[in-house]
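Understanding the architecture of this molecule
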2 protein chains.
Amino acid sequence: MENFTYCTPTKYIFGKGAELHAGEELKRIGLKNVVVCYGKGSVIRSGLLKRVLERLDAEGISHTELGGIEPNPTDPKVREGIDLCRQINADGLLAVGGGSTIDTAKAIAAGVPYDGDFWDFWAGKATVGTALPVGVVLTIPAAGSEGSGNSVITLLDGMRKISLRTDFALRPKFALLNPELTYTLPQEQTAAGIADMMAHILERYFSPTADVEITDRVSEGVLMAIMEEAPKVIADPCNYQARANIMWSGTLAHNGICGTGRKEDWVSHFMEHELSSLYGITHGTGLAIVFPAWMTFMAHHNPWKVAQLARRVLGIEINGDDTTVALAGIKRIKEFFHSLGLPVSLADIGITDPDIEHLVKKLHENKGDEIGGYYHLRAPQTTEIYNLAR
Amino acid sequence: MENFTYCTPTKYIFGKGAELHAGEELKRIGLKNVVVCYGKGSVIRSGLLKRVLERLDAEGISHTELGGIEPNPTDPKVREGIDLCRQINADGLLAVGGGSTIDTAKAIAAGVPYDGDFWDFWAGKATVGTALPVGVVLTIPAAGSEGSGNSVITLLDGMRKISLRTDFALRPKFALLNPELTYTLPQEQTAAGIADMMAHILERYFSPTADVEITDRVSEGVLMAIMEEAPKVIADPCNYQARANIMWSGTLAHNGICGTGRKEDWVSHFMEHELSSLYGITHGTGLAIVFPAWMTFMAHHNPWKVAQLARRVLGIEINGDDTTVALAGIKRIKEFFHSLGLPVSLADIGITDPDIEHLVKKLHENKGDEIGGYYHLRAPQTTEIYNLAR
């Protein structure tokens, strides 16, 4: 077990009507004039935004809207938000939406009090010190941004998609989680979200650190819960209990509790970011394609943790060496993703001739010649993994 | 799944040398003049206190000592601490020790800014609003107080042992967790701590709330990790990895993550508090005696969750109805406690003629005529459980 520091100060309010606490929570943390971020308008059509803004009005909190945030959010919207916040002298932000909206709000929050260009933080040229406080009303359980200190933004210039990770500075002050708000998510988005949260756990689970039984067992528990509840939300999108279990799982998958005391991997995320950049694939969908390929490579090169996952989580009870058990587990996880309607190969989404040379080149340009915590990978190996994803 | 609010703002610094952060952490939260609480002197003999105080000196933080805190801490020490804090105008407390020391520090922290008597909070006559900030250097993984908002104090007048539970007010600002500090714990104390942390999970696990798969699975994961690592620390008290896993498990067992979204039980704790009061038993030891008895009663009256525990955590694979499976699980857990050197009955600790009438009378006087979340119990039933613990 490695030394670690862990702090999750986000206040979670979970359950029916959670969004109605928006006003009192903003007031609790002392905000009076906020920018409310949202995406392409589903929160308007559903009436959610109106319901939330009424709560802000009731508490006397001024608000200005910043809508139109796109999936895989980019820097121009962040700059627009920074300008807006400065113009109206906003003292904080409320994100109403999923990961893209929350990540954009966090990036704005970091940028407003900073003299330089906000991208400095993402480029590793500066460290976020102070940031405006951010609150969240979550509508898509997937990215886990409601409980994390992370924010993924793409710089349009060069299409650089980078995840900034902070310990504390960008963790939301509060997150309001009402599972009912997720009833209307399209199946594809629900399924992609499930793949995303599973990947958040697996990136931490596939660690070179031994002797982290407690973190392994917690991670395995969250994975098992997701795999038990996922088919229920696909079968019945308005199953409150299943939606609730999935929503809370998505938060635990990425608030750090599944990573304590160990090095992490994150190569599958890096490889997926290149896929998203090049082909515009939904992040979670891309992960459902990359992860089995990455695991298949590992089954042949470093199988022990894949085999542990197979035995403990995926119900593989066959006798055999770790490689055999790992491969059986990968077959099971592919079946599981398929059962949710997710693709597990590039061919499944119609990409029959992927530009692997380009993907590998961009991957290592962005992330370095050698990547990976669980197993070190260079271009020949990442090429092999992209090929396994065909 | 029930609606819930969850917030754990405690900053955990975990690993070798964690205690050396005491000065900088106190400074980070703005403290300049603290009372340092500890127990009966082992932290002096081990040199830990000196090492910690040197870090305070290095940061220019004034400190005054309050030693001599006893196990099962009582109100006179709390009053002494409140007087001391007021006298020197302390702005916070640092607890160096286990649950008793931390709980005493928390009680002092609540009492100092309060005009009335601190016991008002424990008696349910007042709610903790503000409290002095508390930091922790943990030496005994057991009570989980380093991450909880709770504090258990006994009022000598009438020997009323009461656990105060707060959402946020009494959660430590930081907790420094160095597993090496636990190498020198006597086996009995290590084992009792393990029973205590397991009980903290089980009190939450035995819930009447259905459909909390995510919280069940996390709880089961922490329990499995404890049961795998516990024999290692008993066999080799200086096994760093096992000590580390146990220490972090003890925090997760009680910081609330195993309780989200459901009603909890806590009857076994209530019943054990009466045993401790009457016979001076170590809390964790008493829990190892009460819990199997409580579970045996449930195996016959409401077995489903005991059976789930048996199947998922205790490795019971026999076919049979829930009662049969539950009873096999209870046999397994008793064997496990015995293997750690813990008693599982009152007879095991030489109490052959327990005053059950007195225990039941005090229990219901303190906690009400009907108690229990998982199953409602009145005097005839609690009498039966105490009898099962003989």
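Check the entry above for the structure.
Here is a short report on the structure shown in this document. Note that the coordinates shown come from a computational prediction; the quantities given were computed from them, not determined experimentally. (Residues numbered from 1 in each chain as written. Chains lettered and ligands numbered in written order. Predicted model: local features only at pLDDT ≥ 70, side-chain atom pairs only at ≥ 80, totals over all residues. Heavy atoms only, no water.)

A count of helices and strands for chain A gives 15 helices and 8 strands. For 390 residues, the compact-globule estimate of 2.2 N^0.38 gives 21 Å, and chain A sits close to it at 20 Å. The C-alpha extent of chain A, read off along each of the three principal axes, is 65 × 45 × 45 Å. Counting only contacts in chain A whose residues sit at least 6 apart along the sequence, the fraction spanning at least 24 positions is 77%. Carbon and sulfur atoms make up 49% of the accessible area of chain A, which totals about 13700 Å². (Helix = DSSP H or I, 4+ residues; strand = E, 2+ residues; numbered from the N terminus. Rg over C-alpha atoms; globule rule 2.2 N^0.38 Å. Contact = heavy atoms within 4.5 Å. Areas by Shrake-Rupley, 256 points an atom, 1.4 Å probe, with all protein chains shown as cover.)

Turning our eyes to something else, we now look at the nonpolar core. Among the nonpolar cores identified, the biggest contains 231 residues, and A:Trp248 and B:Trp248 are the most heavily contacted of them. Setting aside residues no more than four positions away along its own chain, B:Trp248 makes contact with A:Met1, A:Phe4, A:Tyr6, A:Ile214, A:Ile257, A:Thr260, B:Tyr12, B:Phe14 and B:Leu177. (Core = buried A, V, L, I, M, F, W, Y, C linked by side-chain atoms within 4.5 Å. Buried < 20%, exposed > 50% of the residue type's maximum accessible area, 1.4 Å probe, protein only.)

With that out of the way, let us pick up unusual backbone geometry. Glycine aside, residues mostly have negative phi, and peptide bonds are mostly found in the trans state. Residues and elements named next belong to chain A. The phi torsion at methionine 159 lies on the positive side, around 45°, for a residue other than glycine. Along the chain, methionine 159 falls in the loop between strand E6 (150–155) and strand E7 (160–165). We classify methionine 159 as partly exposed; its relative accessible area is 35%. Even without glycine at this site, aspartate 211 takes up a positive phi of about 60°. If you trace the backbone, aspartate 211 turns up in the loop between helix H7 (187–205) and helix H8 (213–235).

Now for the sheet that holds strand E1 (residues 4–14) of chain A. Taken in spatial order, the 12 strands of this open sheet run E3(A)-E2(A)-E4(A)-E5(A)-E8(A)-E1(A)-E1(B)-E8(B)-E5(B)-E4(B)-E2(B)-E3(B), and their pairing is mixed. Every interior strand has two partners, whereas the edge strands, strand E3 (62–66) of chain A together with strand E3 (62–66) of chain B, have only one. Direction aside, neighbouring strands of the sheet carry axes that sit 25° apart on average. In this structure, strand E5 (residues 134–138) of chain A lies alongside strand E8 (residues 174–177) of chain A, joined through 4 bridges in parallel fashion. Bridge pairing in E8(A) links A:Gly135 to A:Phe174. This element, helix H5 (residues 99–111) of chain B, spans strand E2 (33–37), E3, strand E4 (92–97) and strand E5 (134–138) of chain B of the sheet and lies at about 170° to E4(B). Each of E1 of chain A together with strand E1 (4–14), E5 and strand E8 (174–177) of chain B touches helix H9 (residues 240–254) of chain B; the most contacted strand, E1(B), lies at about 150° to it. (Pairing = 2+ DSSP bridges. Axes fitted to C-alpha atoms, helices over the stretch in contact; angles between N-to-C directions.)

Residues and elements named next belong to chain B. Along the chain, the position of leucine 314 falls in the loop between helix H12 (304–312) and helix H13 (322–339). For leucine 314, a relative accessible area of 6% gives the class buried. Once residues lying within four places of it in the same chain are set aside, the contact partners of leucine 314 are Met227, Leu309, Gly329, Arg332 and Ile333.

Scanning the model with the defined rule gives 38 aromatic pairs over all chains in all. Centre to centre, the rings of A:Phe4 and B:Trp248 are 4.9 Å apart; their planes meet at 70°, and the pair counts as edge-to-face. Pair noted here: A:Phe4 is in strand E1 and B:Trp248 is in helix H9, and the two residues belong to different chains. For A:Phe4, a relative accessible area of 9% corresponds to the buried category. Judged by its relative accessible area of 0%, B:Trp248 falls in the buried class. Here A:Phe297 and A:Tyr375 contribute two aromatic rings whose centre-to-centre distance is 5.8 Å and whose plane-to-plane angle is 65°, an arrangement assigned as edge-to-face. Of this pair, A:Phe297 sits in helix H11 (residues 283–301) while A:Tyr375 sits in the loop between helix H14 (356–367) and helix H15 (379–388), placing them 78 residues apart in sequence. Within the aromatic cluster, the residues linked to one another by ring pairs are A:Tyr205, A:Phe206, A:Phe291, A:Trp294, A:Trp304 and A:Tyr374. Sitting over the ring of A:Tyr205, A:Lys305 keeps its end group 4.5 Å from the ring centre. (Phe/Tyr/Trp six-rings, centres within 6.5 Å; stacked < 30°, edge-to-face > 60°. Lys NZ or Arg CZ within 6 Å of the ring centre and 35° of its normal.)

Another aspect to go through is the relation of the copies chain B and chain A. Expressed as a screw transformation, the operator carrying chain B onto chain A has a rotation angle of 180° and an axial translation of 0.0 Å, and the superposed copies differ by an RMSD of 0.0 Å. Seen this way, the second copy is the image of the first under a two-fold rotation axis. Minimal C-alpha separation from the rotation axis in chain B is found for B:Pro9, amounting to 2.0 Å. A share of 100% of interface residues in chain B that are also interface residues in chain A marks the association as one of identical surfaces. (Least-squares fit on C-alpha atoms with pLDDT ≥ 70 in both.)

This part covers the interface of chain B and chain A. Listed by partner, the interface residues are 38 residues for chain B and 38 residues for chain A. Summing both partners gives a buried area of about 3300 Å² for chain B against chain A, and 60% of it is carried by carbon and sulfur. Of all residues in chain B, B:Met1, B:Ile214 and B:Arg217 give up the largest surface area on contact with chain A, accounting jointly for 18% of the area buried on that side. Where chain B packs against chain A, one counts 4 salt bridges. Here B:Arg312 makes a salt bridge to A:Glu228, at a shortest N to O gap of 3.8 Å. (Buried area = accessible area lost by both parts, 1.4 Å probe. Salt bridge = Lys/Arg side-chain N within 4 Å of Asp/Glu carboxyl O.)

Before going further, it helps to spend a moment on the side chain of B:Thr182. Residue and element names in this part refer to chain B. Mapped onto the fold, threonine 182 is located in the loop between E8 and helix H7 (187–205). Given a relative accessible area of 0%, threonine 182 falls into the buried group. Within the local environment of threonine 182, its side chain forms a polar contact with the backbone oxygen of proline 179, the two atoms lying 2.7 Å apart. Every residue in contact with threonine 182, bar those within four places of it in the chain, is listed here: Thr139, Pro141, Arg243 and Met247. (Polar contact = N/O pair within 3.5 Å; in protein donor to acceptor, adjacent residues only side chain to side chain.)

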